[in-house]
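The lines below spell out each chain.
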Amino acid sequence: MLYKNGLLCPVFTKIENLKDNTIDFVQSIPKETSLIMQFKTEQKDSTSILNSYKFAHYYGYYEKEKQAYDTLFNYALPFPKGKQFKIIQGYNGDFTHNTNFSRYTIDFNLQIGDTIVGTRDGVVIKVIVKHNKQGTTEKFKPFGNYIMVHHNDNTFAQYVHLKQYGALVKVGDSVKRNQPIALSGFTGLTTTPHLHFGVFKATTNGIESIPIILDSILGKKYIKSKIAKNE
């Protein structure tokens, strides 16, 4: 059984044995095809394999020592110089910032069509901008357009709720800090137009948001109603 990593970042496969609850991992580097499992076809078929094992693919590295990242990196604000926007939800927000995935993310009240810029140099690994739906229930969550960027310390940035077809970059592009990368929108699970921004680290259960320094200010200080100024 093979897995082809089509992304420009490392990923790993988590293999859970459903019979004895053991877990194994297989690491894949960018654009690599990895052997996930080997078995004789006369002894096993795909149905029996899926009944015996659970497979999941995650961004990054599964080894703890490779999950370390630069905790002191100073990220730029995700909008151009000379602009300012109000924070509508910060860390540990009770609406949607209350899980490991989103706990350390920040919502800026950018309006539809406002320019979003990169907060750090990196490579674009995912661009989803085809959607044009918005709502306030969980069923609308998959319709949030976003761009994902991989950084050189194996962290990942997400820029979410983008305008339909509002990407200014494509997968594989190298982006620079303060470079325009997208247009803000009103897609997915949200009550108002805004930019949802966060930085993530790899874990063996998927990526999780991390606290960051943003424009030389601790991310936790970007609280609801604060004005973020990019001077």
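Structure report, in brief. The model shown is predicted, which means the values in this text are computed figures rather than measured ones.

### Considering the packing of aromatic side chains
Move 1: Enumeration over the complete set of coordinates arrives at 12 aromatic pairs.
Move 2: Here the aromatic rings of Y53 and F55 are separated by 6.4 Å at their centres, their planes lie at 40 degrees, and the arrangement is tilted.
Move 3: Consider the rings of F79 and F108, whose centres lie 5.8 Å apart with planes at 70 degrees: the pair is edge-to-face. Linking F79 in the loop between β6 (74–75) and β7 (84–89) with F108 in strand β8 (residues 106–108), this pair joins segments that are 29 residues apart in sequence.
Move 4: Among the residues examined, F79 registers a relative accessible area of 0% and is labelled buried.
Move 5: The side chain of R120 reaches across the aromatic face of F73, ending 3.8 Å from its centre.
Move 6: Of note, K226 hangs over the ring of Y222, and the distance from its end group to the ring centre comes to 5.6 Å.

### What about the nonpolar core?
Move 1: Core analysis: the biggest nonpolar cluster contains 29 residues, and F108, I116, Y159, F197, I212 and L214 have the highest contact counts within it.
Move 2: Residue contributions to this core peak at three residues, all from strand β18 (residues 195–201).
Move 3: Residues Y3, Y59, I125 and M148 belong to the second largest nonpolar core, which totals 16 residues.

### Let's talk about the environment of K229
Move 1: Secondary-structure assignment places K229 in strand β22 (residues 227–229).
Move 2: Looking at K229, the relative accessible area reads 43%, which means it is partly exposed.
Move 3: As a C-alpha pair, K229 and F85 span 144 residues in sequence and 6.7 Å in three-dimensional space.
Move 4: The contact partners of K229, leaving out residues within four places of it in the chain, are L77, K83, Q84 and D215.

### With respect to the pattern of salt bridges
Move 1: On inspection of all chains with the given rule, the structure shows three salt bridges.
Move 2: Between R120 and D153 there is a salt bridge whose closest N-O contact spans 3.2 Å. With R120 in the loop between β9 (115–117) and β10 (122–128) and D153 in the loop between β12 (146–150) and β13 (156–160), the pair connects residues that are 33 residues apart, well separated along the chain. By the burial criterion, R120 is buried, and D153 matches it.

### Here's the deal with unusual backbone geometry
The bulk of non-glycine residues show a negative phi, and the bulk of peptide bonds are trans.
Move 1: Residue K31 is not a glycine yet carries a positive backbone phi of 65 degrees.
Move 2: Along the chain, the position of K31 falls in the loop between β3 (23–28) and β4 (33–35).
Move 3: For D215, which is not glycine, the phi dihedral falls at a positive 55 degrees.
Move 4: Mapped onto the elements of the fold, D215 is located in the loop between β20 (213–214) and β21 (217–218).
Move 5: A relative accessible area of 28% places D215 in the partly exposed class.

Parameters at a glance
Residues numbered from 1 in each chain as written. Predicted model: local features only at pLDDT ≥ 70, side-chain atom pairs only at ≥ 80, totals over all residues. Heavy atoms only, no water. Phe/Tyr/Trp six-rings, centres within 6.5 Å; stacked < 30°, edge-to-face > 60°. Helix = DSSP H or I, 4+ residues; strand = E, 2+ residues; numbered from the N terminus. Buried < 20%, exposed > 50% of the residue type's maximum accessible area, 1.4 Å probe, protein only. Lys NZ or Arg CZ within 6 Å of the ring centre and 35° of its normal. Core = buried A, V, L, I, M, F, W, Y, C linked by side-chain atoms within 4.5 Å. Contact = heavy atoms within 4.5 Å. Salt bridge = Lys/Arg side-chain N within 4 Å of Asp/Glu carboxyl O.

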